[in-house]
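Results of the structural survey
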Amino acid sequence: MNKTIILGAMGVLLAGGLLWVVSSPDASNMAGHSMSPPDTDEIPQGAAIVRVALPAELSEQAQMGKRAFEAVCADCHGENAAGQNGVAPPLVHKTYEPSHHGDYAFLAAVRNGVRSHHWDFGDMPPVEGLTDADVANVVAYVRALQRENGID
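Before going into details, it helps to say that this report is about the structure given with it. For clarity, every value in this text was computed on a predicted model and none was experimentally measured.

A closer look at helix 4 (residues 132–148)
With 17 residues, helix 4 should reach 24 Å at 1.5 Å per residue; the first-to-last C-alpha distance of 24 Å fits that figure. Check the buried side of helix 4 and you find it contacts helix 2 (60–77) and helix 3 (103–112). Once helix 4 ends, the next one or two residues include glycine 150, with phi positive near 80°.

If you want it as structure tokens, here you go:
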């Protein structure tokens, strides 16, 4: 009798675990982007890490953000925030969606720098010369690029 109860309990636990694994959402299917960093082994050093579709139009704020991004951020994060292999990650990536890295995370990164935690590019130093308004504009630009690429 005890063996039957133990085997039955084990069967229920195994079935429950299997059901949980099968029914769990797969982050790699979210908006067509994986939450984990892409494999960059086949990408040449300094090349864009992701392909970025550009919006047909940008708001006035996003246009100002694009200018600030190109002047200060693109040296590391690449043209249109596509990242640069071996340098810095793409900001048009599921990792930086608003629900995971809110707008304030960008401001904090500029002010304080960021310890490497999603990618293997090393720590990001604080960025000099950008006001809070400049960062808000850059965020508007990055969010417009993200939306165009299915990242909300």
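So, the side chain of glutamine 84
Examined against the element boundaries, glutamine 84 turns out to sit in the loop between helix 2 and helix 3. A polar side-chain atom of glutamine 84 sits 2.6 Å from the main-chain carbonyl oxygen of aspartate 75. The residues touching glutamine 84, leaving out its near neighbours within four places in the chain, are Gly46, Ala47, Ile49, Ala74, Asp75, Cys76, His77, Gly78 and Phe121.

Side note on the nonpolar core
Within soluble globular proteins, side chains that are nonpolar tend to cluster in buried spots. Of all hydrophobic cores here, the largest spans 29 residues; its most connected members are Phe69, Leu91, Phe106 and Val135. The greatest single-element share of this core, amounting to eight residues, is contributed by helix 4. When near neighbours in sequence (up to four residues on either side) are disregarded, valine 135 contacts Phe106, Leu107, Val110 and Leu130.

Some thoughts on the packing of helix 3 against helix 4
Helix 4 packs onto helix 3 with a crossing angle of 130° between their chain directions and a minimal axis gap of 10 Å. If you check the angle between helix 3 and helix 4, you find them oblique. The hand of the helix 3/helix 4 crossing is right-handed. Residues Asp103, Phe106, Leu107, Val110 and Arg111 of helix 3 lie in contact with helix 4, whose contacting residues are Asp132, Val135, Val139, Val142 and Arg143.

As for the pattern of salt bridges
Under the definition given, this model contains four salt bridges. Taking the shortest distance from any N to any O, the salt bridge between aspartate 103 and arginine 143 comes out at 2.9 Å. Of this pair, aspartate 103 sits in helix 3 while arginine 143 sits in helix 4, and the two are 40 residues apart along the sequence. Residue classification places aspartate 103 among the partly exposed positions, given a relative accessible area of 46%. Aspartate 132 is paired through a salt bridge with arginine 111; the nearest N and O atoms lie 2.7 Å apart. Residue aspartate 132 is found in helix 4, and its partner arginine 111 is found in helix 3; the two are separated by 21 residues along the sequence. Among the residues examined, aspartate 132 registers a relative accessible area of 42% and is labelled partly exposed.

Conventions we followed
- Residues numbered from 1 in each chain as written.
- Predicted model: local features only at pLDDT ≥ 70, side-chain atom pairs only at ≥ 80, totals over all residues.
- Heavy atoms only, no water.
- Helix = DSSP H or I, 4+ residues; strand = E, 2+ residues; numbered from the N terminus.
- Expected span 1.5 Å × (residues − 1).
- Contact = heavy atoms within 4.5 Å.
- Polar contact = N/O pair within 3.5 Å; in protein donor to acceptor, adjacent residues only side chain to side chain.
- Core = buried A, V, L, I, M, F, W, Y, C linked by side-chain atoms within 4.5 Å.
- Buried < 20%, exposed > 50% of the residue type's maximum accessible area, 1.4 Å probe, protein only.
- Axes fitted to C-alpha atoms, helices over the stretch in contact; angles between N-to-C directions.
- Parallel < 35°, antiparallel > 145°, perpendicular 65-115°, else oblique.
- Left-handed = near helix turned anticlockwise from the far one by under 90°.
- Salt bridge = Lys/Arg side-chain N within 4 Å of Asp/Glu carboxyl O.

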